[in-house]
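Results of the structural survey
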Amino acid sequence: MSEDRPVLIDADVMLGRHPRRDVGGGTVAELLAAMDRVGIAEAVVGSMTSWLHDPARGNRELTGLLAGQPRLSPCWVLLPDTCGETGAGFAGAAVEAGVVAVRAFPREHGWDLAGADAAPGLDAVESVRLPLLVDAGQTSWQEVEALARAHPCLRIVVGGVGYRKLRQIAGVLDRTGNVSIGLADLSSHRGLEWLVSRFGADRFVFGTGAPYRDPAEAVTRLLWSELGQAEVAAIGAGNLRRLLRKEVRAA
Amino acid sequence: MNELTTALWARRPQQATRIVDAHAHAGPYSVFFIPDPDPAGMIAVMDRCGVAHAMLSSHLAIQLDAAKGNAATAEIVERAPGRFTGYLTVNPWQDPVAELERWGDDPRFGGVKLHPDLHEYPLTGSRYAPVWEYAELTGRPVLTHTYSGSPYNDLPLVGEVAGRHPRATILAGHSGVTPLGIDQSIEVAERHERVILEVCGSYNTGAAIAGMVRRLGAHRVVYGSDFPFIDLRMSLGRILFSDLSDDDRAAVLGGTITALLGKTGA
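Source: prediction; values computed, not measured.

The rules behind these values
- Residues numbered from 1 in each chain as written.
- Chains lettered and ligands numbered in written order.
- Predicted model: local features only at pLDDT ≥ 70, side-chain atom pairs only at ≥ 80, totals over all residues.
- Helix = DSSP H or I, 4+ residues; strand = E, 2+ residues; numbered from the N terminus.
- Rg over C-alpha atoms; globule rule 2.2 N^0.38 Å.
- Buried ≥ 20, exposed ≤ 12 C-beta atoms within 10 Å, placed from the backbone.
- Contact = placed C-beta atoms within 7 Å.
- UniProt positions renumbered as here; feature names shortened; annotations may be inferred.
- Pairing = 2+ DSSP bridges.
- Right-handed = clockwise from strand over helix to strand, strands pointing away.
- Core = buried A, V, L, I, M, F, W, Y, C linked by C-beta atoms within 7 Å.
- Nonpolar A, V, L, I, M, F, W, Y, C, P; charged D, E, K, R; others polar.
- Axes fitted to C-alpha atoms, helices over the stretch in contact; angles between N-to-C directions.
- Left-handed = near helix turned anticlockwise from the far one by under 90°.
- pLDDT = per-residue confidence, 0-100.

Attention now goes to the overall build of chain B. What chain B contains, in helices and strands, is twelve helices and eight strands. For 266 residues, the compact-globule formula gives about 18 Å, and the C-alpha radius of gyration of chain B, at 17 Å, lands near that figure. In terms of its C-alpha atoms, chain B occupies a principal-axis envelope of roughly 50 × 40 × 35 Å. The 266 residues of chain B split such that 59% are buried. Residue pairs in contact within chain B that sit at least 24 positions apart in sequence constitute 74% of those at least 6 positions apart.

All right, on to the UniProt feature "domain: Amidohydrolase-related" (unreviewed entry) in chain A then. Following the UniProt record, one finds the feature "domain: Amidohydrolase-related" (unreviewed entry) at residues 59-245 of chain A. Segment residues 59-245 of chain A splits into 43% helix and 13% strand. End C-alpha atoms: 22 Å apart.

Here we take up the pairing of strand 2 (residues 51-56) of chain B. All names here are of chain B. Most of strand 2 sits inside the fold, with five of its six residues counted as buried. Pairing of strand 1 (residues 19-24) with strand 2, which is carried by four bridges, proceeds in the parallel orientation. Its bridge partner being in strand 2, Asp21 is matched across the sheet by Ala54. As a crossover connection, the stretch from strand 1 through helix 2 (residues 39-49) into strand 2 is right-handed. For strand 2 and strand 3 (residues 84-89), the ladder comprises three bridges, and the chain directions are parallel. Note on strand 3: the bridge partner recorded for Leu56 is Gly86.

Glancing now at the sheet that holds strand 4 (residues 109-114) of chain B. One key point about sheets: their strands pair by backbone hydrogen bonds, in either a parallel or an antiparallel sense. With parallel pairing, the eight strands of this open sheet are ordered in space as 1-2-3-4-5-6-7-8 (chain B). The open sheet has two edge strands, strand 1 and strand 8 (221-222) of chain B, and neither has a second partner.

On to the nonpolar core. The biggest cluster of nonpolar side chains holds 164 residues, and the ones touching the most others in it are A:Val102, A:Ile156, A:Phe206, B:Val158, B:Ile170 and B:Val252. Per-element accounting of this core gives the leading share, seven residues, to helix 12 (residues 246-264) of chain B. Leaving out residues up to four positions away in the same chain, A:Ile156 has contacts with A:Leu132, A:Val134, A:Val144, A:Leu147, A:Ala148, A:Asn178, A:Val179 and A:Ser180.

Much of the literature gives interface size as the accessible area that the parts lose upon coming together. With 26 residues of chain A at the interface, the matching set in chain B holds 29 residues. Of all the secondary structure elements, the ones that give two or more residues to the side of chain A that touches chain B are helix 1 (28-38), helix 8 (166-175), helix 9 (191-199) and helix 10 (215-223) of chain A. Ranked by the residues each element gives to the side of chain A that touches chain B, the list is headed by helix 10 of chain A, at six residues. Its residues assigned to classes, the side of chain A that touches chain B shows eight nonpolar, seven polar and eleven charged.

The subject of this paragraph is helix 11 (residues 232-240) of chain B. Counting buried residues in helix 11 of chain B gives nine out of nine residues, a clear majority hidden from the surface. Buried residues of helix 11 of chain B: B:Leu232, B:Arg233, B:Met234, B:Ser235, B:Leu236, B:Gly237, B:Arg238, B:Ile239 and B:Leu240, and no others.

The peptide bond linking A:Ala210 to A:Pro211 adopts the cis configuration, its omega dihedral lying at 0°. Relative to the elements of secondary structure, A:Pro211 occurs in the loop between strand 8 (204-205) and helix 10. Residue B:Phe227 is joined to B:Pro228 through a cis peptide bond whose omega torsion reads 5°. Along the chain, B:Pro228 turns up in the loop between strand 8 and helix 11. You will see that B:Ser175, though not glycine, has its phi angle at about 50°, which is positive. Here B:Ser175 is to be found in the loop between strand 6 (170-173) and helix 9 (179-191).

Time to look at the sheet that holds strand 3 (residues 72-77) of chain A. Residue and element names in this part refer to chain A. Pairing is parallel in the open sheet, where eight strands are placed in the order 1-2-3-4-5-6-7-8. Each edge of the open sheet is held by one strand with a lone partner, namely strand 1 (9-15) and strand 8. Where strand 1 lies against strand 2 (residues 42-47), five bridges are found, and the strand directions are parallel. Bridge pairing in strand 2 links Leu15 to Ser47.

Attention shifts here to the environment of B:Glu133. Following the sequence through the fold, B:Glu133 ends up in helix 7 (residues 129-138). Separated by twelve residues in sequence, B:Glu133 and B:Tyr121 place their C-alpha atoms 18 Å apart.

Further remarks concern the pairing of strand 4 (residues 101-104) of chain A. Residues and elements named next belong to chain A. Residues Ala101 and Arg103 of strand 4 are buried on one face, and the alternating residues Val102 and Ala104, pointing to the opposite face, are buried as well. Here three bridges tie strand 3 to strand 4, and the two strands are oriented parallel to one another. If you follow Val77 over to strand 4, its bridge partner there is Arg103. Handedness of the β-α-β unit built from strand 3, helix 4 (residues 90-96) and strand 4 comes out right-handed. Here strand 4 runs beside strand 5 (residues 132-135); their pairing, made up of three bridges, is parallel. Each bridged residue has a counterpart across the sheet, and for Arg103 the counterpart in strand 5 is Leu133.

Turning to the environment of B:Thr6, a few remarks are in order. Residues and elements named next belong to chain B. Looking at where Thr6 falls in the secondary structure, it is placed in helix 1 (residues 3-9). For Thr6, a count of 14 C-beta atoms within 10 Å puts it in the partly exposed group. With 65 residues separating them along the chain, Thr6 and Ala71 place their C-alpha atoms 40 Å apart.

Helix 11 of chain B packs onto helix 10 of chain A with a crossing angle of 115° between their chain directions and a minimal axis gap of 7 Å. As for the relative orientation of helix 10 of chain A and helix 11 of chain B, their crossing is right-handed in sense. Note on element contacts: helix 11 of chain B touches helix 10 of chain A through B:Arg233, B:Met234, B:Leu236, B:Gly237, B:Arg238 and B:Leu240, opposite A:Ala216, A:Glu217, A:Val219, A:Thr220 and A:Arg221.

Summing up the model confidence of chain A, the mean pLDDT is 95 and the portion of residues at 70 or higher is 96%. Here residues 246-251 of chain A scores under 50 on pLDDT; set against residues more than four positions off or in separate chains, the count is 16 contacts.

The next point concerns helix 10 of chain A. Within helix 10 of chain A, nine of the nine residues are buried, leaving the element largely enclosed by the surrounding structure. When we look at burial in helix 10 of chain A, the residues that qualify are A:Pro215, A:Ala216, A:Glu217, A:Ala218, A:Val219, A:Thr220, A:Arg221, A:Leu222 and A:Leu223.

Quick look at the environment of B:Ser235 now. Residue and element names in this part refer to chain B. Here Ser235 shows up in helix 11. Looking at Ser235, the number of C-beta atoms within 10 Å reads 30, which means it is buried. Taking the C-alpha atoms as reference points, Ser235 and Asp21, separated by 214 residues in sequence, lie 9.9 Å from one another. Setting aside anything within four residues of it in sequence, one finds Ser235 in contact with Val199, Cys200, Tyr223, Gly224 and Ser225.

Structural data, given as C-alpha cells:
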C-alpha cells in the first residue's frame, strides 16, 4: 500500500436499516466492514432512526452505539424546537455528547430550512460551530442560499446533489462563502473538476451517502478524478477536518 | 484489492481489463448543464480510468432529432473508431424505417437505441416493429431505456417484447433503475435468455450487481455508465469494488458486450 495513499473521511454515512431498500442490518460492524471494503478511514455517522422514525430517540441511541468507536463520530438530527421535541438546549447537548455535526431533513420532517421556526436552533448550532449537513433533496437551493446569508458563520454542507443541478449549485457557491458540496452522488460528467476549477477544492467534502448509496461511487469518483493530489487530499479529508475544527470562512 | 482497485488507489489508469462501456451518449442536453459533453472530454475521462471503448448514441438523437442525431453519432465514431461504436437511435415518431434503412448496414453502428420514456411511446408499440425485425435479422443488440413503474418502458414490457421476438438481443438499460426495478429485471432476464442487464442507474449498487451475476451469470450482465449524462466513474466504481471473481468482473466490464457484438460482426 502506498504511503501517500489519500485518506478518506466520510461525512455522509448512516447506521440502521432502511425501509425501502436492502442495506443490510445497519450495524456498527457492518458499517466498519463497508468502510474497510472501499478504504475509508473514518466517518461522521447519522442515524436512520433519527431520519426515518424518531429524531430524539435516534440521536440518543446513536451516542451509545458509537461509544468506543474511534473511527466513527456522531451526527445528530436537528428539528425546530416549536414542539419541544429535541429540547431548547439541543446544540449544547450535542457538543456535550461529542457530536461533531448536525443533520437536517426539513422536507421529510415538515419544516422550512430558512424559515422562522428553525432559526433559533440554527442560531445555536452556528454559535457552537457545528457544521450542518443537508441533502439537496431535503430543501431547495433558494433556501440553502437564504440560510447561508442569514447565518454567515454556519458551515453548510449540501450532499446528494445529483447530476442535474449545476446551474443552481454554481450560482449559490458563487454568492456564498459558507456553503460546501458533499461528494455523495455529485455525479455530473466532469462536474467535480469543473466546480473545483471555478470555486476551489476547499468547497468540497468527501461523503458517500452510504449505505443508501454504494460508497464505491464516491471513492472511485474522487480517486480517478482529474484533480491533483493536494486537491484530492483536501477533499478526501482535509476540508472536513477543517470544518470539524470549527474554522469558517465568512461570506 | 483486485488489480483495478490497486490502480484506482494509485490514481493511475487501470490496464488489467479491456473495459467497454455499453451505454454512453455524447453532446449537450438542454435539461441540465454538462461540462465538456463532447467526445474529446469523454475520451479524457476514459483515458483517466482506462476505459477502452464506449457504445454511444448522441444526445441530439435521443432528445430532439433522430436523423440529425444519428448523423452526429456516425461522425463521432468516424473520428474515433477505435474508441466508439454507435447505437442507431430510433424515435417511433420520426420515421423508424428511414433511419434503419439509412444506417442499418453502416459499420459505424453496432446496435439500436430506444428511449420510450423520452419519446412517450411504449416499448411494445407497433411503431417499433421494424426495430425488432432488424434485431432478429442482424443479431445486433437493442439497448432500451427501462424504468420500473413507467408506462412506456417498465420491465413487464421488456418481457413482452422479448417473448414476441425471441431472437432479438435486448439490453435492459439501467436494469429498471430502482431496487424494485432491479429485482424485476433479473426476473425478466431469467425468463428470456436474450435479455441482458445493463447496470448504470442512480440507485444501483455493487451488491445488486453481484446479485445479478449470481442469478444470471456474468454473460448476461454488462457495464454501462450513461456518460456524459452522468459521470462514467459512478457506475464503474460499483463494479470495481463489488464481490465478483476477477473473471466475472472482467466479463461484466467488457467481455460480455464484446462477445455480443462479435457475434453480429459489428
